[in-house]
Amino acid sequence: MVFNKDKKPVPPTVSLLELYVTFMKIALLSAGGGLSAWVERIVVEDKKWCSQDEFLSMLSISQILPGPNVINSSVFLGTILRGPAGAFACLTGLLSIPFFLLLALWVGVSSMQGITLIQNLIAGMAAAAGGMLLSLGLTIAGKNYHNIPYIIVAAAVFILIGVMRLPMLQVLAVIIPLTLIHSYYTRKKPEDVHG
Amino acid sequence: MVDVQLLVSLAIIFGQISLMAFGGGNAVLPEIHRETVDVHQWLTEDQFVSAFTISEIAPGPSTLLVTLIGWTVSGPYGAIVATLAMLIPSSLLVLFVALFWKKNENSPWRSIFELALAPVALGLILSGALRIVQTADETIIAYLVTLGAALAIYRFNMHPLICIGIGGVLGILGFITM
């Protein structure tokens, strides 16, 4: 990986076509759900377009902003990699096939039998996709298990939002300021301060 | 003839809903229902439920529910207008935030935010996994598929598509749903 003077990896130049095709693939792969796990797998692990921490913070911001989470994180990632054109490429890639497929289903599948069959298929895929998300969670937790504050924050978010089903925005409105204060006071002081 | 007035009201309604969708698309489901079924009576209750079901089970974001509503209201133009209205306002907001994020790449604040937000995302990912388990896993076999997939991918590096394929086959055979 290439690094610039701040020791940060330089984002590779990705063609708009590649962004479009990649997100088209992600849309199809995530048929049963677990979309963020697929984005992580392809964008962070396979293509190495950004680091895992960068991806995770983009994911958090995308969920806080209004709008469908999946679409927000695609737009965010596209913008980071290639600016507004990249956002457009990711968004259209993500939506082009589902848009027509959905209309075809809506117009074509009128029989309840057909719907039940698809429903059963997707339910099975969703069960596995839940496992994929769980595996991603375990991987990230495994990398950070020695970082006690990190694990406390993740556990608090999981218990409050996942288990207790409290509204996400209110929970994050309390937790994020606290984690911001914590990371402000524990950050590594840079040796040379930029202009 | 295309009913322009109808398209304009589609655009206005979904454009507003787009910016209200804090916490994702499902947060505004009741509002979409209220506007399209109760207030404007564009769809019957039954149509809304089947549109919702199809958008949930088809690949891609479930927000494309609005595409089906637009189609039902005004054909292909309605589908396009409703989809764009739902996507553009929130996406523009994300675009501006992302451009700002990118511009401040080397600011110390950006790394403070990254440090603070990464564990939050981990909690959200695990919450998402739990939600899938709670809604999709109706049978013991479904739970086994979830746990088996997690173990196979995490521990044995299996490609997720294999797990999802196995899940899909078990689903068609009727092992997953009650």
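Quick note: structure is the one above.
In this text, all values refer to a predicted model and were calculated from it rather than measured experimentally.

**Q** Account for the packing of helix α3 (residues 52-64) of chain A against helix α5 (residues 108-136) of chain B, naming residues and giving values.
**A** Between α3 of chain A and α5 of chain B, the least distance of the axes is 7 Å, while the angle of their chain directions is 75°. Taken together, α3 of chain A and α5 of chain B sit at an angle that is classed as roughly perpendicular. Taken together, the residues of α5 of chain B that come into contact with α3 of chain A (itself represented by Asp53, Glu54, Leu56, Ser57, Leu59, Ser60, Ile61 and Gln63 of chain A) are Arg110, Glu114, Leu117, Ala118, Val120, Ala121, Leu124 and Ile125 of chain B.

**Q** I'd love a proper account of the nonpolar core, names of residues and values included.
**A** In this structure, Phe14 and Ile32 of chain B are the most contacted members of the largest nonpolar core, which totals 114 residues. By residue number, the principal contributor to this core is helix α4 (residues 69-108) of chain A, which donates 17 residues.

**Q** Would you mind going over helix α7 (residues 160-172) of chain B in detail, with residue names and values included?
**A** Residue and element names in this part refer to chain B. Relative to the 18 Å expected for 13 residues at 1.5 Å per residue, α7 spans 18 Å between its end C-alpha atoms, a close match to the ideal helical length. Every buried residue of α7 is accounted for by Pro160, Cys163, Ile164, Gly167, Gly168 and Gly171. Each buried residue of α7 sits inside an arc of 135° when the element is viewed along its axis, so together they form one side. Looking one or two residues past α7, Gly174 carries a phi angle of roughly 90°, positive in sign.

**Q** I'd like a rundown of the interface of chain A and chain B, residues and numbers included.
**A** Contacts between the two partners involve 89 residues from chain A and, on the opposite side, 86 residues from chain B. Of all residues in chain A, Pro66, Leu102 and Trp106 of chain A bury the most surface against chain B, accounting for 10% of the area lost on that side. Linking chain A with chain B are 1 salt bridge. For Arg110 of chain B, the salt bridge goes to Glu54 of chain A, with nearest N and O atoms at 3.3 Å. For the pair chain A and chain B, the interface holds 12 residue pairs in polar contact (both at pLDDT 80 or more). Elements with a minimum of two residues in the side of chain A that touches chain B: α1 (16-29), α2 (35-46), α3, α4, α5 (112-143), α6 (148-163) and α7 (168-186) of chain A. Sorting elements by how many residues they give to the side of chain A that touches chain B places α5 of chain A first, with 26 residues.

**Q** Break down a nonpolar patch on the surface for me, with residues and values.
**A** On the surface, Ile80, Leu84, Ile88, Leu92, Phe96 and Leu99 of chain B cluster together into a nonpolar patch covering about 530 Å² of accessible area. Checked against the element boundaries, Ile80 of chain B lands in helix α4 (residues 65-103).

**Q** Explain the packing of aromatic side chains to me, and be specific about the residues and the numbers.
**A** Across all of its chains, the model carries 5 aromatic pairs over all chains by this definition. The interplanar angle of 85° and the centroid separation of 5.1 Å between the aromatic rings of Phe99 of chain A and Phe100 of chain A together place this pair among those described as edge-to-face. Given the relative accessible area of 13%, Phe99 of chain A is considered buried. Seen from their ring centres, Trp101 of chain B and Phe113 of chain B are 6.5 Å apart, and the 85° between their planes marks the pair as edge-to-face. Of this pair, Trp101 of chain B sits in helix α4 while Phe113 of chain B is found in helix α5, placing the two residues 12 residues apart along the sequence. Owing to a relative accessible area of 8%, Trp101 of chain B belongs among the buried residues under this scheme. When its relative accessible area of 30% is taken as the criterion, Phe113 of chain B is described as partly exposed. Pairwise contacts between aromatic rings join Phe76 of chain A together with Trp101 and Phe113 of chain B into one cluster.

**Q** An account of the environment of Ser96 of chain A is requested, with residue identities and associated values reported.
**A** Residue and element names in this part refer to chain A. Mapping Ser96 onto the fold places it in helix α4. Look past the residues within four positions of Ser96 in its chain and what remains in contact with it is Tyr20 and Met24. Here Tyr20 takes part through its side chain, which lies 3.1 Å from a polar atom of the side chain of Ser96.

Definitions and cut-offs
Residues numbered from 1 in each chain as written. Chains lettered and ligands numbered in written order. Predicted model: local features only at pLDDT ≥ 70, side-chain atom pairs only at ≥ 80, totals over all residues. Heavy atoms only, no water. Axes fitted to C-alpha atoms, helices over the stretch in contact; angles between N-to-C directions. Helix = DSSP H or I, 4+ residues; strand = E, 2+ residues; numbered from the N terminus. Parallel < 35°, antiparallel > 145°, perpendicular 65-115°, else oblique. Contact = heavy atoms within 4.5 Å. Core = buried A, V, L, I, M, F, W, Y, C linked by side-chain atoms within 4.5 Å. Buried < 20%, exposed > 50% of the residue type's maximum accessible area, 1.4 Å probe, protein only. Expected span 1.5 Å × (residues − 1). Arc of directions from axis to C-beta. Buried area = accessible area lost by both parts, 1.4 Å probe. Salt bridge = Lys/Arg side-chain N within 4 Å of Asp/Glu carboxyl O. Polar contact = N/O pair within 3.5 Å; in protein donor to acceptor, adjacent residues only side chain to side chain. Patch = residues over 30% accessible without salt bridge, like charges linked within 9 Å, V, L, I, M, F, W, Y side chains within 5 Å. Areas by Shrake-Rupley, 256 points an atom, 1.4 Å probe, with all protein chains shown as cover. Phe/Tyr/Trp six-rings, centres within 6.5 Å; stacked < 30°, edge-to-face > 60°.

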